[in-house]
Amino acid sequence: MTIIILLILISLSIALIFLGIFYWSMRSGQYDDTYTPSVRMLFEDKIKKKENRDDSQKREIAK
Amino acid sequence: MEASVQTEILCFHCGEHCDDAQWLEEKAFCCYGCKTVYEILSSNDLCEYYDLEKNPGTQLQFVQEDAYSFLDEAEIRKKVLTFDSSTFSRVNFYVPAIHCVSCIWLLENLQKINPAILRAEVNFALKTVTIDFKPQLVNLCSLAKLIASLGYAPSINLDSDDKPVSGKTDTSLILKLAIAGFCFGNVMLFSFPEYLGLEKTDDQLGNIFSLLNILLSIPVFVYADADYLTSAWKSFKQRQINIDVPIAVGLVALFLRSVWDIFAGIGPGYLDSFTGLVFFLLIGRWFQNKTYESLAFDRDFKAYFPLAVLRKSGSEWKSVVVHTLVEDDQIKIRNLEIVPADCVLLSDEAFIDYSFVTGESKPVQAKKGDLIYAGGKLIGQPVLLEVQKKTSQSHLTCLWNNEAFNKSSESKYKRLIDRAARRFTWVILGLSLITALYWYFTDASQVWLIITSVLIVACPCALALTAPFTYGNMLRVFGRHKLYLKNAEIIERMAEIDAIVFDKTGTVTHGHTPEIKLQGALTHEQLIWIGHLASYSTHPLSKLIHKYAQKNGHVEVTEFKEIPGKGIQGSIMNRQIKLGSAAFTGYTGNSIEASSTVFISIDDDIRGYFKIKTSLRKNIQKLIETLGTTCVALLSGDNSSDKAEMSTVFHPSTQLLFDQDPHQKLAYIRNLQRTGKKVMMLGDGLNDAGALKQSNVGISVTDDTGIFTPACDGILQGDQINLLDKFLKLSKAATSVVRWGFVLSFMYNAIALSFAVTGHLTPLVAAILMPLSSISIVLFTTVSVNWIAQKELGTKLAHAS
């Protein structure tokens, strides 16, 4: 039955590690701004536009 | 006849009307600034800016060449930069112009414009942009100039940060919540064997579990519930008892008793209830904060001071509401108008009365270049000012609420609540003691759990919340309909009003469609003088005269003086000009009938007079009819020429008194109050400041001036005056909502306590009920106020449009 004590200690330490990680993530400030990332991810990448330009240039040369 | 379609040309960049459009690539721009921004964006292939939002730009304020050169000084650089090395620097700018998705997009694509910028990140809620750049390639000053030239001028505040730091407090609450939750879960886990029945042989295991429980409960006791304990301790030090005391007592009692039980071997303690209690209390508090935030009645965003000021736009003066002022705006302030924001004096000199701010009524002389503080009242000649800081509604409201302007009668309900809250806590402590004794003799094992339930479930917070939330919401409703009250107590006083007194000029009548006739011989030049002199005053009659004599020309006026109730005078080209009442100008002839008369005298020689007939405000007839006998009197500083017309408007029992000077108006109100009436006075704040102060509720009615007298209790926009009876009805409704809120919270407490005292409530359920009660009260008051407002005013809006 004493094995239970060992198991308890191990599980408690793992849980404490997770608590520490949570604490660290709060402190890192990633939750300070919850609005801007939601807007930011909807912006289009520039690469698309460049491709369009290259395409349109190619078309002009082909003409 | 050809009908032509008027199309308004709007600027492609900022959406403002283009008086003199500048064209580029078939797009119209209102000014050189907007066109320049477009050129910068277009040449850097950033035109997606315009795709994300329509007309996302703001009209550029002119940025001087050296506006940001101070940023390159070493001292200031250190303060502004968050990180600095020779190859990498990071700066955090506060940019108040950030307002939409396009702004975020543009600012985060800054690296396309200047390759020395590595990246930029916007925090929309705080309106800041953090820019990483290479300091050896670009200096801070050019960076600031770059974003300013795009229309996003950074606001650099070196002493204190004026941006709200809301994130910090929330984090600590969430951390406490996390720890409480973690420990609660684990304590429950280790308490399971106890629930399921440990045998005596496993004593050792039992002890180990109990020890683990104590270890897990310590961070909860020390850190997670620290707020409650420190609050109770602070109030103890001040020999008082506040709301948190019963909760703190309950928590401490539970924890200590459990620890004692475990060490003395009596039992397993109640640590599972303890940690669970703290966990649910914190959840309740977090939930409350969220609810309050979303129901918050922040007046800065919903209700504005209906004060207007003349602002220079282009080469004209336009009347704008004070909250739209921004830095570097040029404004003109006239006699008796209030300075709405901190400004720098552009004219040569000015006399400012700071009685609103400091209490000192002796005017302070300011010279060109001096800083003039918000709240000062201008005496004398109009001056030009340049705005330094945006108008702070909260600052002006704070000044207004200064002790010096408070009327002697205090809020009835506030006193009631304070007394009730204090007695309540003592009653709860007493009750828990009695319960403890009773249960000690009946069934000692239950004692600790029961007293904790009793201490936790009783919530006086509902009492304390009803009044602020009801009145706060009502203030917001009023604000939306252009009645801006000084504070919530006014609503209580408004509910008791049974007599209303009106001022005539500017309140009942207004100058929207006046009839002005000039009798007398005046040369063209003299008319210009008079018009100019009249423009210095904000009296409704002066404004009409100025409009009538509207002729351009620069005239020097010296020794300008305005005497309330009498007239204005000034010296032009060494001639003394007076405009005003018969007595003031020395007119001794017969009185002129059927209109307001303003006499003109040049060098004490009567030259003529203006006959001004102002019209009644729209819908005021209906309002007066609805008010009926509540409307007790009309006090006017004018002569009795309008008597006949006024008699048809007002109820026959209403007293119509004319030729009243400010003292007589005050005396009338005082006499009325002596007969036991609660009086509300509506005036324009010019020559009835004393009467407004004397009355129980004094409302100043404004149209588009910056006249403000701190003696009044509220400002009402002139075109909303016909809603007065609805406002009174709403105040009465608000007080009844408060009363119902009290009744509800008492009922809740009575029922919950009876359950707790008889042992039917566990501490955990009590912890859940507590925030639920305060939230339900808050929701009840908010919903009631909004529903009543919708019923009274909602449909009105639909008809008016």
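Because the structure is a prediction, the values reported are computed rather than measured.

**Let's talk about the confidence of the model for chain B**
Residue and element names in this part refer to chain B. Taken residue by residue, chain B gives an average pLDDT of 80. The fraction at 70 or more is 88%. The lowest-confidence element of chain B is helix α11 (residues 299-302), averaging 41 in pLDDT; the highest-confidence one is strand β26 (residues 679-683), averaging 91. Counting contacts from residues 160-168, a segment whose pLDDT is below 50, to residues more than four positions away or on other chains yields five contacts. In this model residues 297-303 is a low-confidence stretch, pLDDT under 50, and it forms 17 contacts with partners more than four residues away in sequence or in other chains. Model confidence for the complex is summarised by a pTM of 0.64, with the ipTM given as 0.70.

**Points about the nonpolar core**
Residue and element names in this part refer to chain B. Ranked by internal contacts, the top residues of the largest apolar core, which has 104 residues, are Phe274, Leu281, Leu485, Phe502, Phe650, Met680 and Leu682. If we ignore the near neighbours within four places in the chain, the residues touching Phe650 are Phe502, Val508, Ile624, Cys631, Leu634 and Leu656. Grouped together as the second largest cluster of nonpolar side chains are 50 residues, Tyr38, Cys100, Ile104 and Ala144 included.

**Regarding the sheet that holds strand β3 (residues 81-84) of chain B**
Residues and elements named next belong to chain B. Taken together, four strands build an open sheet; the order of strands is β3-β4-β6-β5 and the sheet is antiparallel. In the strand order of this sheet, the two ends are held by β3 and β5 (117-123), each with one partner. Pairs of neighbouring strands in the sheet enclose a mean axial angle of 15°, with direction left out of account. Where strand β4 (residues 89-94) meets strand β6 (residues 128-133), six bridges bridge the pair, whose relative direction is antiparallel. Paired with Arg90 across the two strands is Asp132, which belongs to β6.

**A word on helix α14 (residues 447-457) of chain B**
α14(B) sits mainly inside the fold: nine of its 11 residues count as buried. Val447(B), Ile450(B), Ile451(B), Thr452(B), Ser453(B), Val454(B), Leu455(B), Ile456(B) and Val457(B) are the residues of α14(B) that are buried.

**Quick notes on the side chain of Gln526(B)**
As for its position among the elements, Gln526(B) is in helix α17 (residues 524-535). Excluding its chain neighbours within four sequence positions, the residues that come into contact with Gln526(B) are Arg575(B), Ile602(B) and Arg607(B).

**Regarding the pairing of strand β28 (residues 714-717) of chain B**
Residue and element names in this part refer to chain B. Of the two faces of β28, the one lined by Gly714 and Leu716 and the one lined by Ile715 and Gln717 are each fully buried. Bridge count between strand β16 (residues 483-485) and β28: three bridges; the pairing is antiparallel. The residue of β28 that forms the bridge with Tyr484 is Ile715. Across four bridges, the pairing between strand β27 (residues 697-702) and β28 is parallel. What sits directly across from Ser700, in β28, is Ile715.

**A few points about the side chain of Glu108(B)**
Structurally, the position occupied by Glu108(B) is in helix α4 (residues 101-108). What makes Glu108(B) buried here is its relative accessible area of 11%. Separated by 2.8 Å, the side chains of Glu108(B) and Arg40(A) make a polar contact. Setting aside residues up to four positions removed in sequence, Glu108(B) forms contacts with Thr36(A), Arg40(A), Phe43(A), Ala120(B), Glu121(B) and Val122(B).

**Topic: the pattern of salt bridges**
Two side chains of opposite charge can pair, provided their charged atoms sit close to one another. All names here are of chain B. Applying the stated rule across the entire model yields 16 salt bridges over all chains. The partner of Asp132 in a salt bridge is Arg90, with the nearest N and O atoms 2.7 Å apart. Placement of Asp132 in strand β6 and of Arg90 in strand β4 is noted, with a sequence separation of 42 residues between them. Taking the relative accessible area as the measure of exposure, Asp132 reaches 4% and is therefore buried. Where Arg334 meets Glu337, a salt bridge forms, and the shortest distance between an N and an O atom there is 3.2 Å. The network of salt bridges with common partners includes Arg90, Arg119, Glu121 and Asp132.

**Description of unusual backbone geometry**
Residues and elements named next belong to chain B. With phi around 70°, Lys482 is a residue other than glycine that occupies positive phi space. Here Lys482 shows up in the loop between α15 (461-480) and β16. When its relative accessible area of 40% is taken as the criterion, Lys482 is described as partly exposed.

**Quick word on the packing of α17(B) against helix α18 (residues 540-548) of chain B**
Two numbers describe a pair of packed helices, the interaxial angle and the distance between the axes. All names here are of chain B. Running from N to C, α17 and α18 cross one another at 145°; their axes reach a closest spacing of 8 Å. The hand of the α17/α18 crossing is left-handed. Judged by residue contacts, Ile530, Gly531, Ala534 and Ser535 of α17 engage Ser542, Ile545 and His546 from α18. Within the contact of α17 with α18, the residues separate by chemical class into three nonpolar, four polar and no charged.

**Looking at the packing of helix α8 (residues 226-237) of chain B against helix α9 (residues 244-263) of chain B**
All names here are of chain B. Viewed as axis vectors pointing N to C, α8 and α9 meet at an angle of 120°, and their least axial separation amounts to 8 Å. Taken as axis vectors, α8 and α9 run oblique relative to one another. Every pair of crossing elements has a handedness; the one defined by α8 and α9 is left-handed. Within the contact between the two elements, α8 uses Tyr228, Leu229, Ser231, Ala232, Ser235 and Phe236 and α9 uses Asp244, Val245, Ile247, Ala248 and Val252.

**Some points on the packing of aromatic side chains**
Residues and elements named next belong to chain B. Under the criterion given, the structure shown has 21 aromatic pairs over all chains. Ring centres 5.7 Å apart and planes at 55° place the aromatic pair Phe599 and Tyr609 in the tilted group. Taken as a pair, Phe599 in strand β22 (residues 596-602) and Tyr609 in strand β23 (residues 605-616) lie far apart in primary sequence, 10 residues in all. The burial state of Phe599 is the same as that of Tyr609; both residues are buried. Clustering of aromatic rings is evident, with ring pairs tying together Phe12, Phe29, Tyr38, Tyr49 and Tyr50. Lying over the aromatic face of Tyr228, Arg285 brings its terminal NZ or CZ to 4.6 Å of the ring centre.

**Quick look at the sheet that holds strand β24 (residues 631-635) of chain B**
All names here are of chain B. Here seven strands make up an open sheet; going across it, the order is β16-β28-β27-β26-β17-β24-β25 and the pairing mixed. Of all strands in the sheet, those bounded by a partner on one side alone are β16 and β25 (655-657). Taking each pair of neighbouring strands and ignoring which way they run, the sheet shows an average axis angle of 20°. Of the pairings in the sheet, the one linking β26 to β27 comprises four bridges and is parallel in character.

Cut-offs and rules
- Residues numbered from 1 in each chain as written.
- Chains lettered and ligands numbered in written order.
- Predicted model: local features only at pLDDT ≥ 70, side-chain atom pairs only at ≥ 80, totals over all residues.
- Heavy atoms only, no water.
- pLDDT = per-residue confidence, 0-100.
- Helix = DSSP H or I, 4+ residues; strand = E, 2+ residues; numbered from the N terminus.
- Contact = heavy atoms within 4.5 Å.
- Core = buried A, V, L, I, M, F, W, Y, C linked by side-chain atoms within 4.5 Å.
- Buried < 20%, exposed > 50% of the residue type's maximum accessible area, 1.4 Å probe, protein only.
- Pairing = 2+ DSSP bridges.
- Axes fitted to C-alpha atoms, helices over the stretch in contact; angles between N-to-C directions.
- Polar contact = N/O pair within 3.5 Å; in protein donor to acceptor, adjacent residues only side chain to side chain.
- Salt bridge = Lys/Arg side-chain N within 4 Å of Asp/Glu carboxyl O.
- Left-handed = near helix turned anticlockwise from the far one by under 90°.
- Nonpolar A, V, L, I, M, F, W, Y, C, P; charged D, E, K, R; others polar.
- Parallel < 35°, antiparallel > 145°, perpendicular 65-115°, else oblique.
- Phe/Tyr/Trp six-rings, centres within 6.5 Å; stacked < 30°, edge-to-face > 60°.
- Lys NZ or Arg CZ within 6 Å of the ring centre and 35° of its normal.

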